[in-house]
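# Overview (structure and organization)
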Amino acid sequence: MNKNYIAGEWLDGVSINRNINPSNLDDVVGEYARADTSQAELAVDAAFDAQPGWACLSAERRGDALDRIGSEILARKEELGFLLSREEGKTLAEGIGEVTRAGRVFKFFAGEALRLSGERLANIRPGVEAEVRREPEGVVGIITPWNFPIAIPAWKIAPALAYGNSVVFKPADLVPGSAWALAEIIVRAGQLPAGVFNLVMGPGSQVGNVLAKNPKVKALTFTGSTQTGRSVGMECMSRGAKVQLEMGGKNPLIILNDADLDLAVEVAVQGAFYSTGQRCTASSRFIVESAIHDRFVQAVIERLSGMTVDDAVKAGTDIGPVVSASQLDQDCDYIDIAKREGGKLAFGGDRVERATRGYYLTPALIVDTENHMRINREEVFGPVASVVRARDYEDALRLANDTEFGLSSGICTTSLKYASDFKARSTAGMVMVNVPTAGVDYNAPFGGRKASSYGAREQGPFAREFYTAIKTTYTQA
Ligand code: UN1
């Protein structure tokens, strides 16, 4: 059994989590320890005690640790990518791609550790020097979702450590395998002092709860559902902790009449259905201008009919299984809801059987929907996209922004005028022109607006806003 890493030791849990392959329910990926509240408290105490020492080491030393971690992840990307695809269900190419991204993230923050700087301000009072310093926050709690089992942990853990914080990391219960492998690399390749990094696998109701409530956790970063994010956020705010929340999306992709049709289909299919549509950045609403509507729908259907839904690690698979039975039920429920609301299932949405027992669902395209329908208001988190007709660009823009969410949005157009206008007037945190709404670069700020996100941006140099505290000093010599 793979154990938790707490206070510099590998510890048994209080129960065992069997990690099941969603492509093959007879395949147990491994057995992982589940911690309880008291073990989570132990990890927080260890992180609290270790953090000042870690912050005192040189930035170069911290950067070197991250660099070694990044190198090992990259060197083992095939093996780790296989593990990821086996436990989460995205295709092998996507699994390896995600591992590569995780390795690159560690390399990026290895450099960023050395680039942290402050500022000396112009003086107001003669003889008094004002300076802005950035310091670590202290203990950072990290709660991650199942859909990016290594990249999201990487883009939270790497900046936390780079800037001198200690970490208590709680991965999603569904995907302990990648998290454990990552933790093992961090601990061994990073050669971190005991307590600086802690892996605490276990349920949100116990481990997550401790991270939200324990006063020693100074900052908490969460990616997951809107509902859980909000309750975690309220706990943190009530005790004055810093919090960063990345939650749901209902991301629109506008297709204008002047779009390059082949490119638009590719952007739409990649954004909506790759990674089985299980991305908070997935395009779930295609907002299509009237004159191109029928051609676009037809071309998407043709593209989808040529795609293979099968075992994630099998050569030739384009779309892997849905992650779990309950997620599959949710996807199918939303397809039914859309049909009852008046939408028409134009393609897919079938539970299918393959050589192994798994949660297979063909990609679903629902047409003739209206933006007020539940299918266009609520996040499905599966290979399900709907089409809304727009009269013209202004109508499309209005529909795109008419959502409680605001993570990512996209437009396919060859018009500079509409592209520029959309970049300015979209109410999403990330706006894509002729590229999919999902799939982002690790050196750019990541995050949304409205109900999608709360707090500072993740990734790139902007990550320092969350992982450092600002101190202003005034000195009279
Ligand atoms: C991506 O689309 O490349 O949970 C990243 C998610 C996001 C990450 C998406 N936080 O889907």
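Residues numbered from 1 in each chain as written. Predicted model: local features only at pLDDT ≥ 70, side-chain atom pairs only at ≥ 80, totals over all residues. Heavy atoms only, no water.

Surveying the vicinity of the ligand reveals 13 residues, the closest of which are Arg101, Asn147, Cys280, Thr281 and Gly439. In this structure, an oxygen atom belonging to the ligand sits 2.6 Å away from a main-chain N or O atom of Cys280. Between the ligand and Gly439, the relevant distance is 2.8 Å, taken from an oxygen atom to a main-chain nitrogen or oxygen of the residue. Coverage of the ligand by the protein chains reaches 99% of its 320 Å² of free accessible surface. For the shell around the ligand, the residue count by class is seven nonpolar, four polar and two charged. (Near = heavy atom within 4 Å. Polar contact = N/O pair within 3.5 Å; in protein donor to acceptor, adjacent residues only side chain to side chain. Areas by Shrake-Rupley, 256 points an atom, 1.4 Å probe, with all protein chains shown as cover. Nonpolar A, V, L, I, M, F, W, Y, C, P; charged D, E, K, R; others polar.)

So, about the domain arrangement of the protein. Segmentation of the protein into domains returns domain 1 (4-247 + 452-476) and domain 2 (251-433). Distance from the C-alpha centre of domain 1 to the C-alpha centre of domain 2: 31 Å. Across the contact, 25 residues belong to domain 1 and 29 residues belong to domain 2. Counting the surface lost from both domain 1 and domain 2, the interface buries some 2100 Å², and carbon and sulfur atoms represent 56% of this. At the junction of domain 1 with domain 2, the criterion picks out one salt bridge. With its nearest N and O atoms 3.0 Å apart, the salt bridge here joins Arg357 to Asp26. (Domains from an automatic or database assignment. Contact = heavy atoms within 4.5 Å. Buried area = accessible area lost by both parts, 1.4 Å probe. Salt bridge = Lys/Arg side-chain N within 4 Å of Asp/Glu carboxyl O.)

Counting buried positions over the seven residues of strand β10 (residues 217-223) gives six, a clear majority of the element. With five bridges connecting them, strand β7 (residues 139-143) and β10 associate as parallel partners. Counterpart to Gly141 in the pairing with β10 is Leu220. Of the crossover connections in this fold, the one passing from β10 over helix α8 (residues 226-238) to the parallel strand β11 (residues 242-246) is right-handed. (Buried < 20%, exposed > 50% of the residue type's maximum accessible area, 1.4 Å probe, protein only. Helix = DSSP H or I, 4+ residues; strand = E, 2+ residues; numbered from the N terminus. Pairing = 2+ DSSP bridges. Right-handed = clockwise from strand over helix to strand, strands pointing away.)

Quick look at the sheet that holds strand β5 (residues 119-120) now. Taken together, the three strands give an open sheet; going across it, the order is β5-β6-β22, and neighbouring strands pair in antiparallel fashion. The strands lining the two open edges of the sheet, one partner per strand, are β5 and β22 (468-476). Of the strand pairs in this sheet, strand β6 (residues 128-136) and β22 are connected by nine bridges, and their pairing is antiparallel. Bridge pairing in β22 links Glu131 to Thr473.

All right, on to the pairing of strand β13 (residues 283-289) then. The side chains of a regular strand alternate, residue by residue, between the two faces of the sheet. Taking burial as the measure, the seven residues of β13 include seven buried ones, the bulk of the element. Looking at chain direction, strand β12 (residues 251-255) and β13 are connected through five bridges and run parallel. Paired with Ile255 across the two strands is Val288, which belongs to β13. Once you follow β12 into helix α9 (residues 261-273) and on to β13, the crossover reads as right-handed. Here five bridges tie β13 to strand β18 (residues 384-390), and the two strands are oriented parallel to one another. Its bridge partner being in β18, Glu289 is matched across the sheet by Ala390.

Right, let's get into helix α10 (residues 290-305). Taking 1.5 Å per residue, 16 residues should reach 22 Å; α10 reaches 23 Å between its end C-alpha atoms and fits that length. Turning to α10, its buried residues number three or more, namely Ile292, His293, Phe296, Val297, Ala299, Val300, Ile301 and Leu304. Residues of α10 that are buried make contact with β12, α9, β13, β14 (344-347), β17 (364-369) and β18. (Expected span 1.5 Å × (residues − 1).)

Before going further, it helps to spend a moment on the state of the cysteines. Going through the model one piece at a time under the given rule, you end up with zero disulfides. Note on Cys236: no disulfide assigned, nearest cysteine sulfur contributed by Cys280 at a separation of 19 Å. The thiol sulfur of Cys412 is not disulfide-bonded, and the nearest other cysteine sulfur, from Cys280, lies at 19 Å. Take Cys412: its relative accessible area is 1%, and that puts it in the buried class. (Disulfide = S-S within 2.5 Å.)

Another aspect to go through is the nonpolar core. One finds Ile73, Phe106, Phe109, Ile157, Leu161, Ile186 and Phe197 to be the most contacted residues of the largest nonpolar core, which totals 54 residues. The contact partners of Ile157, leaving out residues within four places of it in the chain, are Phe106, Ile142, Val167, Phe169, Leu182, Ile186 and Phe197. With 28 residues, the next largest nonpolar core counts Ala264, Phe286, Val297 and Val300 among its residues. (Core = buried A, V, L, I, M, F, W, Y, C linked by side-chain atoms within 4.5 Å.)

What follows is about the pattern of salt bridges. Throughout the structure, instances matching the rule amount to 31 salt bridges. Among the ionic pairs, Glu98 bridges to Lys90, the shortest N-O distance being 2.6 Å. Classification of Glu98 by relative accessible area gives buried; the value is 3%. Classification of Lys90 by relative accessible area gives buried; the value is 2%. Linked by salt bridges that have partners in common, Glu72, Arg76, Glu79, Glu184 and Arg188 make up one network.

Our focus in this paragraph is the sheet that holds β12. In space, the seven strands of this open sheet follow the order β14-β17-β18-β13-β12-β19-β20, with mixed pairing throughout. At either margin of the open sheet sits one strand with a lone partner, and together these are β14 and β20 (430-433). Strand after strand, the sheet turns through a mean of 25 degrees between neighbouring axes, direction not considered. The strands touched by α9 are β12, β13, β17, β18 and β19 (408-412); relative to β13, the strand with the most contacts, the crossing angle is about 155 degrees. (Axes fitted to C-alpha atoms, helices over the stretch in contact; angles between N-to-C directions.)

Looking now at the side chain of Asn165. If you trace the backbone, Asn165 turns up in the loop between α5 (151-162) and β8 (166-170). Setting aside its immediate chain neighbours within four residues, Asn165 contacts Gln51, Trp54, Pro136, Glu137, Gly138, Val140, Pro159, Ala160, Val196 and Tyr467.

With that settled, the discussion passes to the side chain of Asp310. Note on placement: Asp310 falls in the loop between α10 and α11 (325-340). A distance of 3.0 Å separates the side chain of Asp310 from the side chain of Lys314, its partner in a polar contact. Those residues within four positions of Asp310 in sequence are excluded, and the remaining contacts are Thr317, Ile319, Gly320, Pro321, Arg354 and Tyr360.

This part is about a nonpolar patch on the surface. Together, Met234, Met237 and Tyr454 make up an exposed nonpolar region whose accessible area comes to about 320 Å². Following the sequence through the fold, Met237 ends up in helix α8. In this structure Met237 comes out as partly exposed when scored by relative accessible area, which is 39%. (Patch = residues over 30% accessible without salt bridge, like charges linked within 9 Å, V, L, I, M, F, W, Y side chains within 5 Å.)

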